[in-house]
There are 2 protein chains.
Amino acid sequence: MKHVVIIAHGSRRMASNDEVRKVTHQFSQQAHDFDRVSCAFLELDEPSIPQGLLNAIEQGATEIIVLPYFLSAGRHVSEDIPAQIAPVQDTHPEVEIKIAPYLGAAETIPEILLAQTKGV
Amino acid sequence: MKHVVIIAHGSRRMASNDEVRKVTHQFSQQAHDFDRVSCAFLELDEPSIPQGLLNAIEQGATEIIVLPYFLSAGRHVSEDIPAQIAPVQDTHPEVEIKIAPYLGAAETIPEILLAQTKGV
């Protein structure tokens, strides 16, 4: 059972976290290769990354792809997210947890920016 | 003369700011409708937003599209960026400065996330 967990930073502004939930929902409608899709937050909202992964495992996930919803390869992406995943992986070695490239690494970002200029 | 200024938050980590410069360069290679493309930072790197706009005006921009490189419609997008643009617009009424929808508002974001899952 394949599960995607979209990881966002989390904001004090709940509307920003709701934007992540909306993107997660839209993603789930297109992600036909995955059984379940959810989101989790590095900080400032629930579920946390470990809790989000544990929820997925409870729901039967045997493979989890973690998808960092971040624009740059900063400390959060390179250190904090892997550090929060590691203990869950250690206690659940039967579940394969993989981290996808962060959003900002997508080669299509310039195209999307270009499309945004049509919106003014 | 149409100019795009991509606005990022800016990071203490210079590699993250360099990622923005790289995206800006890639964007400029695809943005055939625009005469010049540059980037500016809300904080923590140069040029600032006002300086980035003034540079564009000095280079002959008559129309500037500001493109917020942000994932959520938080305070930075809704308040801080417009507040930094306003004084430049006031002192240069002959230049048309427009703000495009921020990156996270793009309807194609879920598709791009989906493509990122192929990268693991």
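The preceding data block contains the structure.
Every value quoted in this text rests on a predicted model; they were computed, and no experiment measured them.

1. Topic: helix α1 (residues 14-30) of chain B
End to end, α1 of chain B covers 25 Å across 17 residues, agreeing with the expected 24 Å (1.5 Å per residue, within 8%). Of all the residues in α1 of chain B, the buried ones are Ser16, Asn17, Glu19, Val20, Val23, Thr24 and Phe27 of chain B. One side of α1 of chain B holds all its buried residues, which, seen down the axis, span an arc of 145 degrees. Residues of α1 of chain B that are exposed and point over 90 degrees away from its buried face: Lys22 and Gln29 of chain B. On its buried side, α1 of chain B packs onto α4 (109-117) of chain A together with β1 (2-8), β2 (36-41) and β3 (63-68) of chain B.

2. A few points about the side chain of aspartate 45 of chain B
All names here are of chain B. The topology assignment puts aspartate 45 in the loop between β2 and α2 (49-58). Only 2.4 Å separates the side chain of aspartate 45 from the side chain of arginine 21, close enough to count as a polar contact. With residues up to four places along the chain from it excluded, the contact list for aspartate 45 reads Met14, Asn17 and Arg21.

3. Focus: the sheet that holds strand β4 (residues 96-99) of chain B
Residue and element names in this part refer to chain B. The sheet built from four strands is open, its strands ordered β2-β1-β3-β4 with parallel pairing. Across the chains shown, the open sheet's two edge strands, defined by having one partner strand only, are β2 and β4. This sheet shows a mean twist of 25 degrees between the axes of neighbouring strands, independent of strand direction. Inspection of the sheet shows β1 paired to β2 by six bridges, in the parallel sense. What sits directly across from isoleucine 7, in β2, is alanine 40. Sheet contacts for α1: β1, β2 and β3; angle to β2, the most-contacted strand, approximately 160 degrees. Strands in contact with helix α3 (residues 75-91) are β1, β3 and β4; relative to β4, the strand with the most contacts, it is inclined by about 175 degrees.

4. As for the sheet that holds strand β4 (residues 96-99) of chain A
All names here are of chain A. Read from one edge of the open sheet, four strands run β2-β1-β3-β4, paired in parallel fashion. Both outer strands of the open sheet, β2 (36-41) and β4, are each paired with one neighbouring strand and no more. The sheet shows a mean angle of 25 degrees between the axes of neighbouring strands, taken without regard to direction. When strand β3 (residues 63-68) meets β4, the two strands line up parallel, connected through four bridges.

5. Overview of the pairing of β3 of chain B
Residues and elements named next belong to chain B. With six of its six residues buried, β3 lies for the most part within the structure. Burial along β3 is two-sided: the residues Glu63, Ile65 and Leu67 and Ile64, Val66 and Pro68 are all buried. By the bridge criterion, six bridges tie β1 to β3 in an arrangement that is parallel. Of the residues in β3, the one forming a bridge with lysine 2 is glutamate 63. Once you follow β3 into α3 and on to β4, the crossover reads as right-handed.

6. Some remarks on the packing of helix α1 (residues 14-30) of chain A against helix α4 (residues 109-117) of chain B
Where α1 of chain A contacts α4 of chain B, the axes come no closer than 9 Å and their chain directions differ by 65 degrees. Here the hand of the crossing between α1 of chain A and α4 of chain B comes out right-handed. Side by side, α1 of chain A and α4 of chain B meet where Val23, Gln26, Phe27 and Gln30 of chain A of the first sit next to Ile109, Pro110, Glu111, Leu113, Leu114 and Thr117 of chain B of the second.

7. Some remarks on the environment of glutamate 94 of chain B
Along the chain, glutamate 94 of chain B falls in the loop between α3 and β4. Here glutamate 94 of chain B falls in the exposed class, since its relative accessible area comes to 55%.

Rules behind the numbers
Residues numbered from 1 in each chain as written. Chains lettered and ligands numbered in written order. Predicted model: local features only at pLDDT ≥ 70, side-chain atom pairs only at ≥ 80, totals over all residues. Heavy atoms only, no water. Helix = DSSP H or I, 4+ residues; strand = E, 2+ residues; numbered from the N terminus. Expected span 1.5 Å × (residues − 1). Buried < 20%, exposed > 50% of the residue type's maximum accessible area, 1.4 Å probe, protein only. Arc of directions from axis to C-beta. Contact = heavy atoms within 4.5 Å. Polar contact = N/O pair within 3.5 Å; in protein donor to acceptor, adjacent residues only side chain to side chain. Pairing = 2+ DSSP bridges. Axes fitted to C-alpha atoms, helices over the stretch in contact; angles between N-to-C directions. Right-handed = clockwise from strand over helix to strand, strands pointing away. Left-handed = near helix turned anticlockwise from the far one by under 90°.

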